[in-house]
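So you can see what is in the structure, the chains are spelled out below.
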Amino acid sequence: MSGGVDSAVAALLIKRNLPLGGLVEGVFMQNWDARIEEDQRHCTVEADYHDAKRVADHLGIHLHRVNFVREYWNDV
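Residues numbered from 1 in each chain as written. Predicted model: local features only at pLDDT ≥ 70, side-chain atom pairs only at ≥ 80, totals over all residues. Heavy atoms only, no water.

### Structural notes on the overall build of the protein
The test is simple: Runs of E in the DSSP output that reach at least two residues are strands. Runs of H or I that reach at least four are helices, and both are numbered from the N terminus. Categorising residues by exposure relies on relative accessible area from a 1.4 Å probe, with only protein chains included: less than 20% of the type maximum marks a residue as buried, more than 50% marks it as exposed, and the intermediate range marks it as partly exposed. Contact definition: two residues touch when any of their heavy atoms are within 4.5 Å. With residues, only the protein chains shown are counted as cover, and all accessible areas are computed by Shrake-Rupley using a 1.4 Å probe.
Check the secondary structure of the protein and you find three helices and two strands. Along its sequence from the N terminus, the protein presents helices and strands in the succession α-β-α-β-α. Looking at the protein as a whole, 30% of its 76 residues are labelled buried. In the protein, once contacts between residues fewer than 6 apart in sequence are set aside, the share between residues at least 24 apart is 70%. Just so you have it, the protein exposes about 5700 Å², and 56% of that area is on carbon and sulfur atoms.

Printed below as a string of structure tokens:
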């Protein structure tokens, strides 16, 4: 989940269409290192995470945070 409209609507639609008791969880993937962000004033990884967390909390789903910084920089 990014905290944006697309992932929020997708999570809501999935949650609404699951059978009663179905489990929906979100994942926030950190793919860049916050220490080297060029512009700390806009769209930082922490701000993105907090947006995603706020959406997940509102929808009542658990949000996992995973760090793929090394994999992103080495393999992408």
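### Thoughts on the pattern of salt bridges
For the record, the criterion: Here a salt bridge means any side-chain nitrogen of Lys or Arg lying within 4 Å of a carboxyl oxygen belonging to Asp or Glu.
Following the criterion strictly, the structure yields three salt bridges and no others. Here K53 ties to D57 by a salt bridge, and the two come within 2.9 Å at their closest N and O atoms. Of this pair, K53 and D57 both sit in helix α2 (residues 45-59), four residues apart, roughly one helical turn. Judged by relative accessible area, D57 falls into the partly exposed class, the value being 47%.

### Section: a nonpolar patch on the surface
For clarity, the threshold we go by: Nonpolar side chains (Val, Leu, Ile, Met, Phe, Trp, Tyr) are joined into patches within 5 Å and like charges within 9 Å, using only residues with over 30% relative accessible area and no salt bridge.
Taken together, the side chains of V5, V9 and L13 make up a nonpolar region of the molecular surface, amounting to roughly 270 Å² of accessible area. Within the fold, L13 resides in helix α1 (residues 5-17).

### Some remarks on the confidence of the model for the protein
The line we're drawing: A residue's pLDDT is the confidence the predictor assigns to it, expressed on a 0 to 100 scale.
Averaged over the protein, the pLDDT score is 87; the fraction of residues at 70 or greater is 89%. When the elements of the protein are averaged for pLDDT, helix α3 (residues 69-75) gives the smallest value, 88, and strand β2 (residues 62-67) the largest, 96.

### Re the environment of M29
By the secondary structure assignment, M29 is in strand β1 (residues 25-30). Overall, the relative accessible area of 43% leaves M29 in the partly exposed class. The spatial distance from the C-alpha of M29 to the C-alpha of M1 is 7.7 Å, given a sequence separation of 28 residues. When neighbours within four sequence positions are excluded, M29 is seen to be in contact with V66 and F68.

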